[in-house]
Amino acid sequence: MFNTKNRTIKIFILVFFINILCFQLSGQEIETKNNPFYFVQITDTHIGKGTNLEITQNLVKQINELPMEIKCVIHTGDILQDGMSDTTNVIKAFAALEKLEAPLYYIPGNHDIFQEHVRKEMDIFQEYFGDQIVEMDFEEVSFIGLYSDPIAYSFSVEGYDPFLELENALERTGDKPVIVFHHIPSVESFYNNTMHDGWENENRDRWEKTLNSHNVIAILAGHFHSDELHWIGEIPLFVSSSVTNRFGRQPSFRIYEYKAGKLSYRSQYEAK
Ligand SMILES: [Fe+2]
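Residues numbered from 1 in each chain as written. Predicted model: local features only at pLDDT ≥ 70, side-chain atom pairs only at ≥ 80, totals over all residues. Heavy atoms only, no water.

Student: Before we go on, may I ask you to explain the overall build of the protein chain in this structure?
Tutor: Within the protein chain, the regular secondary structure consists of seven helices and 13 strands. Of all intrachain contacts in the protein chain linking residues separated by at least 6 positions in sequence, the fraction that spans at least 24 positions is 70%. A total accessible area of about 14200 Å² is found for the protein chain, and carbon and sulfur atoms account for 52% of it. (Helix = DSSP H or I, 4+ residues; strand = E, 2+ residues; numbered from the N terminus. Contact = heavy atoms within 4.5 Å. Areas by Shrake-Rupley, 256 points an atom, 1.4 Å probe, with all protein chains shown as cover.)

Student: What is the right way to read the packing of helix α2 (residues 52-64) against helix α3 (residues 87-97) from this model?
Tutor: Packed helix pairs are characterised by how far apart their axes lie and by the angle those axes make with each other. One way to put it is that α2 packs onto α3 with a least axis distance of 9 Å and a crossing angle of 15°. Classified by the angle between their axes, α2 and α3 sit roughly parallel to one another. Note on packing geometry: the crossing formed by α2 with α3 is right-handed. Judged by residue contacts, L53, T56, Q57 and V60 of α2 engage K92, A96 and L97 from α3. Each residue belonging to the contact of α2 with α3 can be placed in one class, and the counts come to four nonpolar, two polar and one charged. (Axes fitted to C-alpha atoms, helices over the stretch in contact; angles between N-to-C directions. Parallel < 35°, antiparallel > 145°, perpendicular 65-115°, else oblique. Left-handed = near helix turned anticlockwise from the far one by under 90°. Nonpolar A, V, L, I, M, F, W, Y, C, P; charged D, E, K, R; others polar.)

Student: What should I look at first to understand the pairing of strand β6 (residues 178-181) in this one?
Tutor: A regular strand carries its side chains on alternate faces of the sheet. Of the two faces of β6, both are covered, the one formed by V178 and V180 as well as the one formed by I179 and F181. Relative to β6, strand β5 (residues 142-146) runs parallel, the two sharing four bridges. Within β6, the residue paired with F143 across the bridge is I179. One ladder, built from four bridges, connects β6 with strand β9 (residues 216-221); its direction is parallel. Looking at β9, one finds that V180 is bridged to I219. (Buried < 20%, exposed > 50% of the residue type's maximum accessible area, 1.4 Å probe, protein only. Pairing = 2+ DSSP bridges.)

Student: Would you mind showing me how to read the coordination of the iron ion here?
Tutor: Each donor-metal-donor angle in an ideal tetrahedron of four donors is 109.5 degrees, and each such angle in an ideal octahedron of six donors is either 90 or 180 degrees. Within the protein, D78 (OD), N110 (OD1), H183 (NE2) and H223 (ND1) serve as the donor atoms for the iron ion, at 2.2 Å. Coordination at the iron ion is irregular, judged from the four donor atoms that bind it and the angles of 86 to 166° they form at the metal. Taken in chain order, the donor set of the iron ion reads D-x31-N-x72-H-x39-H. In this pair, D78 is assigned in the loop between β2 (70-75) and α3 and N110 in the loop between β3 (104-106) and α4 (118-128), connecting sequence segments 32 residues apart. Here D78 and N110 have matching classes, each one buried. (Donors = N, O, S within 2.8 Å, 3.2 Å for Na, K, Ca; no water. Tetrahedral: all angles 85-135°; square planar, octahedral: opposite > 155°, others 65-115°.)

Student: In this structure, what is going on with the nonpolar core? I would like to understand it.
Tutor: Nonpolar side chains tend toward joint burial in soluble globular proteins. Membership of the largest hydrophobic core comes to 60 residues, with the highest contact counts inside it found for V40, I42, V73, I79, W207 and L211. Top contributing element to this core by residue count: α2, with five residues. Not counting the four nearest positions on each side in its chain, W207 is found in contact with L146, S148, I151, F163, L166, V180, H182, S186, W199 and I232. If you look at the next biggest cluster of nonpolar residues, it comprises 19 residues, including F39, I74, F238 and L263. (Core = buried A, V, L, I, M, F, W, Y, C linked by side-chain atoms within 4.5 Å.)

Student: Got a minute to help me understand a negative patch on the surface in this structure?
Tutor: Together, E200, E202, D205, E208 and E234 give the surface a local cluster of negative charge. Here E202 lies in helix α7 (residues 201-212). (Patch = residues over 30% accessible without salt bridge, like charges linked within 9 Å, V, L, I, M, F, W, Y side chains within 5 Å. Salt bridge = Lys/Arg side-chain N within 4 Å of Asp/Glu carboxyl O. Lys, Arg positive; Asp, Glu negative; His and termini not counted. Charge placed at Lys NZ, Arg CZ, Asp CG, Glu CD.)

Student: Is there a simple way to think about α3 in this case?
Tutor: Because the α-helix completes a turn every 3.6 residues, residues three or four places apart line up on one side. Every buried residue of α3 is listed here: N89, V90, A93, A96 and L97. Down the axis of α3, the sector holding all buried residues measures 135°, keeping them to one side. (Arc of directions from axis to C-beta.)

Student: Help me out: how do you make sense of the pattern of salt bridges in this one?
Tutor: Two side chains with opposite charge may pair up if their charged atoms get near one another. Under the defined criterion, the tally for this structure stands at nine salt bridges. Note that R119 is salt-bridged to D123, the shortest N-O span being 3.5 Å. On the criterion of helical spacing, the pair formed by R119 and D123 is a turn pair, its members being four residues apart in helix α4. Residue E167 pairs with R206 through a salt bridge whose shortest N-O separation is 3.2 Å.

Student: Help me understand the environment of Y106, please; the structure alone is not making it clear to me.
Tutor: Structurally, Y106 can be placed in strand β3. Once residues lying within four places of it in the same chain are set aside, the contact partners of Y106 are H75, I79, L97, F125, F129, D131 and V134.

Student: Before we go on, may I ask you to explain the sheet that holds strand β10 (residues 228-232) in this structure?
Tutor: An order of β4-β5-β6-β9-β11-β10 is seen for the six strands of this open sheet, with the pairing classed as mixed. Single-partner strands in this sheet number two, and they are β4 (133-137) and β10. Averaged over all pairs of adjacent strands, the angle between their axes in this sheet comes to 20°, without regard to strand direction. The strands touched by helix α6 (residues 162-173) within the sheet are β4, β5, β6 and β9, with β5 carrying the most contacts at an inclination of about 175°. Across the sheet, α7 is in contact with β5, β6, β9, β10 and β11 (235-239); its angle to β10 comes to roughly 80°.

Read these as spatial facts, not as claims about activity.
The following block contains the structure:
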């Protein structure tokens, strides 16, 4: 009789503490879900032309002065104007951008790696700025950055298969929300009041199918030097305007806010 009563009390205490633990865990989960997660996108710095180096230096300073915690900065390509072979400007660009206090991740654009020097410029890019594919894993979300120009312009690079790299990276993210970033958007470009063809249909379809078969919540790109929103199947494609003032643009970067599975952004402009 006494033993049974004792056992009942022990079970009661155990259940009580399990409930408290579960309550705390779900509380932490809600807190993580509702905590904003900020990161910055910069794109198309085109260093080596005009005053783009000075503009980049100004925006780097502005990003460092942001009041919120910036988990990372992503550069979506066209770091340089004249390719990685222009090593004087590679060094200047690297020196300006490494002053960013948040961790910085780059992928190359068509002005960083020219098709005629692809292998050589990929190697220089790797030496200064990183791999052709980058994977970052934060508590809330995973990022995959990809050199996608060979898909966009339909050329092949020995030893680099961007679709295969992307598929493997997506597999590694499991069910986690993923943000993919690359340079050339997979849609037509519209400028001079004319629609211009983009990627070949076959590549566009494979890209859309690949990304939509995983938990990709957003795609970020640059290249167009304009603010645009498109949909790649069920996934929003955010195209950011440029750091460079080329084409009469006001230099800008974007602050993204990830909250409860959704992504929002604010464009920020160069402060004079
Ligand atoms: Fe570009």
